[in-house]
Amino acid sequence: MLHIKCPHCGMRSQNEFSYGGDATVKRPELGKEISDQDWDNFVYNRKSLRGKHWELWQHLSGCRQWIKVQRDTSTHEIFKTLKANEDIS
Amino acid sequence: MQKYSVFSLVKNALSNHENWDLAWKDPTPKKEYDVVIIGGGGHGLATAYYLAKEHNITNVAIIEKGWIGGGNVGRNTTIIRSNYMHDDNALFSEFGMDLWRRMSQDLNYNVMFSPRGIINLAHSDAQMNTYARRGNSMRLNGIDAVLLNREEVREIIPMADFSENVRFPIFGGLMQPSAGTARHDAVAWGYARQADDMGVDIIQNCEVIGFDVSAGKINGVRTSRGDIKAKKIGLCVAGSTNILAEKLNMTLPIETHLLQACVSEPVKPILDKVVTFGAGHFYISQSDKGEMVMGGDLDGYNSYAQRGNLPTLQHVLTEGIAMMPFLSKLKMLRTWGGIMDMSMDGSPIIDKTHIEGLYLNCGWCYGGFKATPASGWTFAHTIAQDRVHELNAGYSLNRFNTGHLLDEKGLGTKTWIS
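Description of the structure in this document. Computed from a predicted model, the values in this text were never measured in an experiment.

1. Focus on helix H3 (residues 87-107) of chain B
Residues and elements named next belong to chain B.
For step 1, the next point in the chain: In a regular helix each residue adds 1.5 Å, so 21 residues correspond to 30 Å; H3 covers 29 Å between its end C-alpha atoms and thus fits that length.
For step 2, the next point in the chain: Within H3, the axis deviates most sharply at Arg101, by approximately 45 degrees.
For step 3, the next point in the chain: Elements that come into contact with the buried residues of H3 comprise helix H2 (42-55), strand S3 (79-80), strand S6 (172-176), helix H6 (184-197), strand S17 (349-352) and helix H9 (372-385).
For step 4, the next point in the chain: Looking at the residues trailing H3, positive phi occurs at Asn108, about 50 degrees.

2. Points about the interface of chain A and chain B
For step 1, the next point in the chain: Each side of the interface is counted separately: chain A has 25 residues, and chain B has 26 residues.
For step 2, the next point in the chain: Between chain A and chain B, the buried area comes to about 2,300 Å², and carbon and sulfur atoms account for 51% of it.
For step 3, the next point in the chain: For the pair chain A and chain B, the interface holds one salt bridge.
For step 4, the next point in the chain: Across the pair Glu255 of chain B and Arg46 of chain A runs a salt bridge whose closest N-O atoms are separated by 3.9 Å.
For step 5, the next point in the chain: If you look at where chain A meets chain B, you find 12 residue pairs in polar contact (both at pLDDT 80 or more).
For step 6, the next point in the chain: For the side of chain A that touches chain B, the elements supplying multiple residues, two or more each, are strand S3 (18-22), helix H1 (36-43) and strand S4 (52-58) of chain A.
For step 7, the next point in the chain: No other element matches the four residues that H1 of chain A contributes to the side of chain A that touches chain B.

3. Focus: the sheet that holds strand S5 (residues 66-72) of chain A
Residue and element names in this part refer to chain A.
For step 1, the next point in the chain: A sheet is described by the order of its strands in space; here four strands give the open sequence S3-S4-S5-S6, paired in antiparallel fashion. Two strands bound the open sheet, and with one partner strand each, they are S3 and strand S6 (78-83). Across the sheet, the axes of successive neighbouring strands diverge by a mean angle of 30 degrees, strand direction being ignored.
For step 2, the next point in the chain: Both S3 and S4 contribute to a ladder of four bridges, which runs antiparallel. Within the sheet, the bridge partner assigned to Tyr19 lies in S4 and is Trp57.

4. Some details on the pattern of salt bridges
Pairs can form between side chains of opposite charge whenever their charged atoms are close.
For step 1, the next point in the chain: Summed over all chains, the structure comprises 15 salt bridges over all chains.
For step 2, the next point in the chain: Between Arg71 of chain A and Glu55 of chain A there is a salt bridge whose closest N-O contact spans 2.5 Å. Of the two residues, Arg71 of chain A sits in strand S5 while Glu55 of chain A sits in strand S4, which places them 16 residues apart along the sequence. Per residue, the accessibility class of Arg71 of chain A equals that of Glu55 of chain A, and both read buried.
For step 3, the next point in the chain: Here Asp98 of chain B ties to Arg101 of chain B by a salt bridge, and the two come within 2.7 Å at their closest N and O atoms. Placement of the pair is Asp98 of chain B and Arg101 of chain B together in helix H3, with a separation of three residues, close to one helical turn.
For step 4, the next point in the chain: Taking relative accessible area as the criterion, Asp98 of chain B reaches 40% and is therefore assigned partly exposed.
For step 5, the next point in the chain: What makes Arg101 of chain B partly exposed here is its relative accessible area of 36%.
For step 6, the next point in the chain: Connected through shared salt-bridge partners, Glu94, Asp98 and Arg101 of chain B make up one network.

5. Examining the packing of aromatic side chains
For step 1, the next point in the chain: Taken as a whole, this structure holds 19 aromatic pairs over all chains when the rule is applied.
For step 2, the next point in the chain: Their ring planes at 45 degrees and their centres at 5.5 Å tell us that Trp57 of chain A and Tyr301 of chain B sit as a pair that is tilted. Pair noted here: Trp57 of chain A is in strand S4 and Tyr301 of chain B is in strand S15 (residues 292-302), and the two residues belong to different chains.
For step 3, the next point in the chain: Of the residues examined, Tyr301 of chain B reaches a relative accessible area of 2% and is grouped as buried.
For step 4, the next point in the chain: Positioned over the ring face of Tyr304 of chain B is Arg50 of chain A, at 5.9 Å from the centre of the ring.
For step 5, the next point in the chain: Over the face of the ring belonging to Tyr4 of chain B we find Arg193 of chain B, whose NZ or CZ atom lies 3.5 Å from the ring centre.

6. A look at the environment of Asp88 of chain B
Residues and elements named next belong to chain B.
For step 1, the next point in the chain: Along the polypeptide, Asp88 turns up in helix H3.
For step 2, the next point in the chain: Residues Asp88 and Met250, 162 residues apart in the sequence, show an inter-C-alpha distance of 25 Å.
For step 3, the next point in the chain: In this structure, Asp88 is in contact with Leu391, Gly394, Tyr395 and Leu406, ignoring residues within four places of it in sequence.

7. Some thoughts on the packing of H2 of chain B against H9 of chain B
Residue and element names in this part refer to chain B.
For step 1, the next point in the chain: Interhelical geometry of H2 versus H9 gives an angle of 55 degrees and a closest axis separation of 7 Å. Here H9 runs oblique to H2, going by the angle between their axes. Crossing angle aside, the handedness with which H2 passes H9 is right-handed. Between H2 and H9, the residues in contact are Gly42, His43, Ala46, Thr47, Tyr50, Leu51, Glu54 and His55 and Thr372, Pro373, Ser375, Gly376, Trp377, Phe379, Ala380, His381, Ile383, Ala384 and Gln385, respectively.
For step 2, the next point in the chain: The residue inventory of the contact of H2 with H9, partitioned by class, reads nine nonpolar, nine polar and one charged.

Cut-offs and rules
- The residue numbering used here restarts from 1 in each chain and proceeds along that chain's sequence as written.
- The naming scheme follows written order: chains are lettered A onward, ligands numbered 1 onward.
- Two thresholds apply to this predicted model, a pLDDT of at least 70 for residue-level local features and 80 or more for giving and counting side-chain atom pairs, whereas whole-chain, interface and lining totals are computed over all residues.
- Side-chain measures here rest on the full set of heavy atoms in the structure, leaving out hydrogens and waters.
- Working definition: helices are DSSP H or I runs of at least four residues, strands are E runs of at least two. Numbering for both runs from the N terminus.
- Helices are assigned an expected span. That span is 1.5 Å times one less than the residue count.
- In this scheme, the bend at a residue equals the angle between the axes fitted to the seven residues that finish there and the seven that begin there.
- Whether two residues are in contact is decided by their heavy atoms, any of which lying within 4.5 Å being enough.
- When two parts are brought into contact, each loses some accessible area as probed by a 1.4 Å sphere; the total of that loss over both is the buried area.
- For this analysis, a salt bridge means a side-chain nitrogen from Lys or Arg found within 4 Å of a carboxyl oxygen belonging to Asp or Glu.
- Under the rule applied, a polar contact is a pair of N or O atoms within 3.5 Å (in protein, one hydrogen donor and one hydrogen acceptor; residues adjacent in sequence only if both atoms are side-chain atoms).
- Paired strands, in this sense, are two strands between which DSSP finds at least two bridges.
- For helices, the axis comes from a line fit to the C-alpha atoms of the stretch in contact; other axes are also lines fit to C-alpha atoms, and the angle between any two N-to-C directions lies between 0 and 180 degrees.
- Relative accessible area decides the class of each residue, using a 1.4 Å probe on protein chains only: under 20% of the type maximum gives buried, over 50% gives exposed, and in between gives partly exposed.
- Only rings of Phe, Tyr and Trp enter the pairing, Trp through its six-membered ring, and a pair is recorded when the two centres are within 6.5 Å. The plane angle decides the type: under 30 degrees is stacked, over 60 is edge-to-face, the rest tilted.
- To sit over a ring, a charge needs its Lys NZ or Arg CZ within 6 Å of the ring centre and within 35 degrees of the ring normal.
- For classification purposes, an angle smaller than 35 degrees is called roughly parallel, one larger than 145 roughly antiparallel, one from 65 to 115 roughly perpendicular, and anything else oblique.
- Left-handed is the label given to a crossing in which the near helix is rotated counterclockwise from the far helix by less than a right angle, and right-handed is the label when the rotation is clockwise.
- Each residue receives one of three labels: charged for Asp, Glu, Lys and Arg, nonpolar for Ala, Val, Leu, Ile, Met, Phe, Trp, Tyr, Cys and Pro, and polar for the others, Gly being one of them.

And the structure:
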């Protein structure tokens with residue numbers, strides 16, 4: 001089982017969280033002219049690589065905040081967690 | 001090649017089974033092939049077999065990082081079905097059903113295809129309606145489908161929970177009588193043996209390190225056993241598609257996720273159908289050895305771990321026990337996990353790519369095993385003719401660009417939600 005350190009609540013078990021996917025995906029700016037390819041990259045295309053992966057989780061059965069988690073997709077080691085509004089450095 | 005038959009069995013029994021031919025050779029890779037297939041799983045082996053058999057292309061190599069049949073074809077829940085609603089999925093899968101029915105004879109290898117039928121349970125009136133709709137769509141496409149009411153389901157699987165006050169009462173179910181199971185390893189080995197016999201080189205322990213692409217054309221592949229030239233290369237590496245795509249500077253509509261399965265201790269025959277739970281995600285059948293073979297949800301977050309996490313297994317088996325309470329008395333024999341290509345609409349991709357000579361076969365989600373023959377057949381056609389067959393035209397890569405998605409379950413792009 002994963003243990004995720006919620007930046008608001010501290011270390012909690014995986015059961016309290018729900019997953020939200022790749023955290024590096026950015027929605028194209030509103031009102032800006034974009035290509036189909038930009039939209040595809042936002043909606044569908046994912047690198048989904050082996051190794052370090054920034055992803056979104058929601059502390060659903062806790063503070064209900066969305067957070068960012070950096071996890072290794074092959075070992076499940078968690079390196080860092082951030083609040084949703086904190087930038088990935 | 002030695003033909004497998006009752007006579008060869010008796011003959012070899014007389015010499016203590018010491019003189020059987022090797023089922024396939026262990027060749028050193030040549031410098032160049034007409035076609036290189038990357039990935040020696042079920043789909044890759046089937047592709048090579050159909051390239052040789054249907055298209056007469058035998059100067060073919062299969063490159064496999066580990067050993068053939070050691071990936072998802074070696075660890076699935078062996079379910080074979082074509083109970084799809086959308087035309088593209090239904091026609092493709094039903095074409096595959098025909099290949100399954102003939103497979104043991106075609107390959108001279110007993111794949112133990114057992115068309116025992118699959119029942120999808122319904123737990124509400126609304127679900128009965130959607131099953132009726134799906135069943136009608138299937139029948140329009142020539143696939144057998146039977147809508148069962150509660151009593152009819154009870155007659156077939158009396159061990160399911162038919163008590164009155166349960167959270168998810170059984171309202172009925174949709175049955176495809178011709179669906180079933182097969183011996184998964186035999187499928188890989190059967191294709192490998194025949195492909196090898198027709199001249200295909202099966203090269204194991206050979207990892208792809210990179211690709212030789214110039215001017216938008218593929219020229220070959222760099223491997224741990226040297227460079228291999230080929231004008232046509234097929235990618236068949238479920239679970240590792242994203243890793244190889246990165247080497248090609250491609251980003252695909254696929255995420256890599258982990259799916260678990262498990263078997264119980266063997267028990268006497270109790271279940272002669274494949275059954276799925278309709279109020280969650282759980283499927284079960286009984287193997288010939290008596291084990292209950294079970295599976296369900298993904299672990300729920302991107303993973304290359306190849307081992308499962310307990311919360312998901314617990315969740316899946318809770319559903320199983322809700323559906324068939326006797327399961328709670330069984331001991332677990334084995335659990336395992338494998339990594340899947342989860343595509344963004346739940347349907348696979350068999351297509352050409354923007355790189356000339358590079359062909360893509362990926363995104364099989366939960367349903368790769370049953371698709372093995374049809375996938376191999378259509379992928380071989382796509383490679384040999386350099387154009388897609390009408391059976392896999394719907395599995396195009398650019399459907400995500402044009403909006404022609406094949407979202408059978410209507411789940412959208414959250415691949416980890418099932």
